[in-house]
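# Structural features, examined
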Amino acid sequence: QVQLVESGGGLVQAGGSLRLSCAASGSIFSINRMGWYRQAPGKQRELVAVITSGGSTNYADSVKGRFTISRDNAKNTVYLQMNSLKPEETAVYYCNARVWSGYVMGDYWGQGTQVTVSS
């Protein structure tokens, strides 16, 4: 099994910054892709940003230029630096990882961390 533990959420004023972290542990041979998704109340979960093991990144259009995803492969950890936050980005942010355990590829999710942006 694989566990993802997120941290770094909280309350911030509009225009402020937060940095989220997500550490993976457990039966990990390698991690293909890691990413962040978010889900606001009454809305579907949506992609925020993803990063491959090679460092290629992809962002939702709405966060380009303000959010930066990075990872530390040695620590199996992914980060999301969020700047110039907007009230409409209030949501639960979830970490996702596609993990190769050595015999099976699986998708895993963290428990989520709340980000609240006040106006």
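I will try to describe carefully the structure that is included in this document. (Residues numbered from 1 in each chain as written. Predicted model: local features only at pLDDT ≥ 70, side-chain atom pairs only at ≥ 80, totals over all residues. Heavy atoms only, no water.)

Right, let's get into the sheet that holds strand β3 (residues 18–26). Across the sheet, which stays open at both edges, the 4 strands sit in the order β1-β3-β8-β7 with antiparallel pairing between neighbours. Taken across any chain shown, the strands that pair with only one partner, and hence form the sheet edges, are β1 (2–7) and β7 (67–72). Neighbour-to-neighbour, the strand axes of the sheet open up by a mean angle of 15°, direction not taken into account. Pairing geometry for β3 and strand β8 (residues 77–82), over 6 bridges, is antiparallel. Bridging across to β8, Ser21 finds its partner in Tyr79. (Pairing = 2+ DSSP bridges. Helix = DSSP H or I, 4+ residues; strand = E, 2+ residues; numbered from the N terminus. Axes fitted to C-alpha atoms, helices over the stretch in contact; angles between N-to-C directions.)

Residues of strand β11 (residues 113–118) alternate between two faces, with Thr113, Val115 and Val117 buried on one and Gln114, Thr116 and Ser118 left unburied on the opposite face. Where strand β2 (residues 10–13) meets β11, 4 bridges bridge the pair, whose relative direction is parallel. Each residue of the ladder has a partner; that of Gln13, found in β11, is Ser118. Here strand β9 (residues 91–100) runs beside β11; their pairing, made up of 3 bridges, is antiparallel. Among the inter-strand pairings, Ala91 is bridged to a residue of β11, identified as Val115. (Buried < 20%, exposed > 50% of the residue type's maximum accessible area, 1.4 Å probe, protein only.)

Moving on: the state of the cysteines. This structure, assessed with the given rule, holds 1 disulfide. Bridging Cys22 to Cys95, the disulfide has an S-S length of 2.1 Å. Sign of the S-S torsion, about -80° for the bond between Cys22 and Cys95, identifies this disulfide as left-handed. In this pair, Cys22 sits in strand β3 while Cys95 sits in strand β9, placing the two residues 73 residues apart along the sequence. Residue Cys22 is classed as buried on the basis of its relative accessible area of 0%. (Disulfide = S-S within 2.5 Å.)

At Asn76, a residue that is not glycine, the phi angle is positive and equals roughly 50°. If you trace the backbone, Asn76 turns up in the loop between β7 and β8. Asn76 sits in the partly exposed class, given a relative accessible area of 24%. Positioned with a positive phi, Ser84 is a non-glycine residue whose angle comes to about 50°.

Turning our eyes to something else, we now look at the side chain of Arg66. Relative to the helices and strands, Arg66 is located in the loop between β6 (57–59) and β7. Residue classification places Arg66 among the buried residues on the basis of a relative accessible area of 12%. Within the structure, Arg66 has its side chain in polar contact with the backbone oxygen of Ser62 (distance 2.7 Å). A polar contact of 2.5 Å, which involves the side chain of Arg66, links it to the side chain of Glu89. (Polar contact = N/O pair within 3.5 Å; in protein donor to acceptor, adjacent residues only side chain to side chain.)

In this section: the pattern of salt bridges. Under the defined criterion, the tally for this structure stands at 5 salt bridges. A salt bridge links Arg38 to Glu89; its shortest N-O distance comes to 3.3 Å. A residue pair is termed long-range when its members are at least 10 positions apart, and Arg38 in strand β4 (residues 30–39) and Glu89 in the loop between β8 and β9 qualify at 51 residues. Take Arg38 and Glu89: they sit in the same class, and that class is buried. A salt bridge links Glu89 to Arg66, with the nearest nitrogen and oxygen atoms 2.5 Å apart. Here the residue Glu89 occupies a position in the loop between β8 and β9, and Arg66 occupies one in the loop between β6 and β7, the gap between them amounting to 23 residues. Residue classification places Glu89 among the buried residues on the basis of a relative accessible area of 3%. Among the ionic contacts, a cluster of salt bridges with common partners joins Arg38, Glu46, Arg66 and Glu89. (Salt bridge = Lys/Arg side-chain N within 4 Å of Asp/Glu carboxyl O.)

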